[in-house]
Amino acid sequence: MKIGARLYLTMLPSIVGFLLVGALMYWGQYEHTAPLVVLIGGAIAVGITLVITWSNARYVARRIERLAGSSSSTAAGAPADELDAIEHVLGRLSNAVEVAESSRADGALSSERRVHDYATMLIAITDAMALRLEDVRLPLHILLENRFGELNENQEEMLGAARAAADAVDADMIQLRHLAELDLGEKSLREDQLKPSELMRAIRPMLAATADGVPASLEVRIDPLLPSVTGDRVRLQDALVTICRASIQGASAGAHVDAAVTKSDEAVVITLGGGGRLPVSVQVAAAIRAVQVHGGRVDHVGNELVVRLPIAKRASSSRSQSGG
């Protein structure tokens, strides 16, 4: 039976009540046993109830039919009403959501496995490359430190450049290994309460020296009363030095580099304007990853380098308690 028919059947008691009131009016007036006003009032009340019930039944029936649409029967050989069709659609949607959630979970697990596999492979590659680089660096060191014969100036320069290149590649291999260890969670990070002002004051001389080499002017502004951040002091400081120095080195000669440390939402923001875009290098990639491991983020917004570090939980909770 259709939902509309079921709803219309609910009007049957009102109809019967209306007929009974009409009969009561007739026989009650005939016998003069009921006041006419009471009978008329009852008839009006029943009539209004009948109209309201019919209107509501029609409205609900139309809405249910519209929701049901043209869905087919859910059970073969059994007549289905609109609610069966809606239930069938909801069941399919629920199954689709479950499949999507399962696929998303499988995809996330697969991504984690791929990251783990890549990090493990990267560690194996860096270890092998480090051994091969040592085979190169050792003969170069022996040739430069222990003279077995006279070397002209060009030969010494070439050997020195080769040793410097090998040392640079070795440093990159070390950074790649640290990067893979961070992704694998093999490196434990300290959770120190760090003041952003102290971090910036510690790295300011190195940034100033980098700006002098461009040459460019450097201005550092630090807002007072900044909240603390949580992190490994050494790793976070090294990451900030690498990122900021790389941006300053990309500035044009005579540029004005403006570094500002402020608070925004639930993060301490280090903004570096006037520098260049970060180069693609192992050192910079490892520094960005170190910031991300601390819950931070590194972005380029317009011509500005923006580093966001999350505020320490203790600091934010204490502020909320004092504010309450």
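Residues numbered from 1 in each chain as written. Predicted model: local features only at pLDDT ≥ 70, side-chain atom pairs only at ≥ 80, totals over all residues. Heavy atoms only, no water.

Re the overall build of the protein chain
- Helix and strand counts for the protein chain stand at 9 helices and 7 strands.
- When contacts within the protein chain are restricted to residue pairs at least 6 apart in sequence, long-range pairs at least 24 apart make up 72% of them.
- Put simply, the protein chain shows about 20,300 Å² of open surface, and 58% of that area lies on carbon and sulfur atoms. (Helix = DSSP H or I, 4+ residues; strand = E, 2+ residues; numbered from the N terminus. Contact = heavy atoms within 4.5 Å. Areas by Shrake-Rupley, 256 points an atom, 1.4 Å probe, with all protein chains shown as cover.)

Description of helix α5 (residues 153–184)
- Under the 1.5 Å per step criterion, the end-to-end length of α5 is 47 Å for 32 residues, consistent within 8% with the ideal 46 Å.
- Within α5, the full set of buried residues consists of Leu159, Ala166, Asp170, Met173, Leu176, Leu179, Ala180, Glu181 and Leu182.
- Just downstream of α5 lies Gly185, where phi reads positive at about 75 degrees. (Expected span 1.5 Å × (residues − 1). Buried < 20%, exposed > 50% of the residue type's maximum accessible area, 1.4 Å probe, protein only.)

Quick notes on the confidence of the model for the protein chain
- Confidence along the protein chain averages 77 in pLDDT terms, with 77% of residues attaining 70 or more.
- Within the model, pLDDT remains below 50 along residues 72–79, and this stretch shows 6 contacts once partners closer than five positions in the same chain are excluded.
- Scored below 50 in pLDDT, residues 315–324 makes 8 contacts in the model with residues more than four places away or belonging to other chains. (pLDDT = per-residue confidence, 0-100.)

Quick word on the pattern of salt bridges
- Taken as a whole and assessed by the stated rule, the structure comprises 4 salt bridges.
- We note a salt bridge from Asp192 to Arg190, for which the minimum N-O separation is 3.0 Å.
- Taking the relative accessible area as the measure of exposure, Arg190 reaches 54% and is therefore exposed.
- Between Asp258 and Arg221 there is a salt bridge, with its nearest N and O atoms 3.0 Å apart. (Salt bridge = Lys/Arg side-chain N within 4 Å of Asp/Glu carboxyl O.)

Let's talk about unusual backbone geometry
- The linkage connecting Val214 with the following residue, Pro215, adopts the cis geometry, with an omega of -5 degrees.
- Among the structural elements, Pro215 can be located in the loop between α6 (196–213) and β2 (217–222).
- Backbone geometry places Leu225, a non-glycine residue, at a positive phi of 55 degrees.

So, the side chain of His294
- For His294, the position within the fold is in the loop between α8 (282–293) and β6 (297–301).
- In this structure the side chain of His294 is engaged in a polar contact, spanning 3.0 Å, whose partner is the backbone nitrogen of Asp232. (Polar contact = N/O pair within 3.5 Å; in protein donor to acceptor, adjacent residues only side chain to side chain.)

As for the packing of α6 against helix α7 (residues 233–249)
- Relative to each other, α6 and α7 sit at 30 degrees, their axes nearing to 10 Å. As the angle between them shows, α6 and α7 are arranged roughly parallel. Relative to α7, α6 is oriented so that their crossing is right-handed. Together, Glu198, Leu199, Ala202, Ile203, Met206, Leu207, Thr210 and Ala211 of α6 and Arg233, Leu236, Gln237, Leu240, Val241, Cys244, Arg245, Ile248 and Gln249 of α7 make up the contact between the two elements.
- A per-class count over the contact of α6 with α7 returns 11 nonpolar, 3 polar and 3 charged. (Axes fitted to C-alpha atoms, helices over the stretch in contact; angles between N-to-C directions. Parallel < 35°, antiparallel > 145°, perpendicular 65-115°, else oblique. Left-handed = near helix turned anticlockwise from the far one by under 90°. Nonpolar A, V, L, I, M, F, W, Y, C, P; charged D, E, K, R; others polar.)

Points about the sheet that holds β6
- Spatial ordering of the open sheet is given by β2-β4-β5-β7-β6, a layout of 5 strands whose pairing is mixed. With partners counted over all chains shown, the strands left at the sheet margins are β2 and β6, one partner each. On average, each strand axis in the sheet is inclined to that of its neighbour by 15 degrees, with strand direction left out of account.
- Across 7 bridges, strand β5 (residues 267–273) lies against strand β7 (residues 304–310) in antiparallel orientation. Residue pairing for β7: Gly273 is matched across the bridge by Glu304.
- Relative to the sheet, α7 contacts β2, β4 (256–264), β5, β6 and β7, its axis offset from that of β7 by approximately 170 degrees. (Pairing = 2+ DSSP bridges.)

Quick notes on the environment of Arg308
- Position of Arg308 relative to the elements: it lies in strand β7.
- Take Arg308: its relative accessible area is 28%, and that puts it in the partly exposed class.
- Arg308 sits 10 residues away from Val298 along the chain, and the two C-alpha atoms are 6.5 Å apart.
- When sequence neighbours within four positions are dropped, the list of residues in contact with Arg308 reads Ser264, Ala267, Val268, Val269, Val291, Gly296 and Arg297.

Re the pairing of β6
- Inspection of the sheet shows β6 paired to β7 by 5 bridges, in the antiparallel sense. Pairing of Arg297 across the sheet is with Arg308, part of β7.
- Counting the residues in the hairpin turn of β6 and β7 gives 2 residues, including Gly302, whose phi is positive at 65 degrees.

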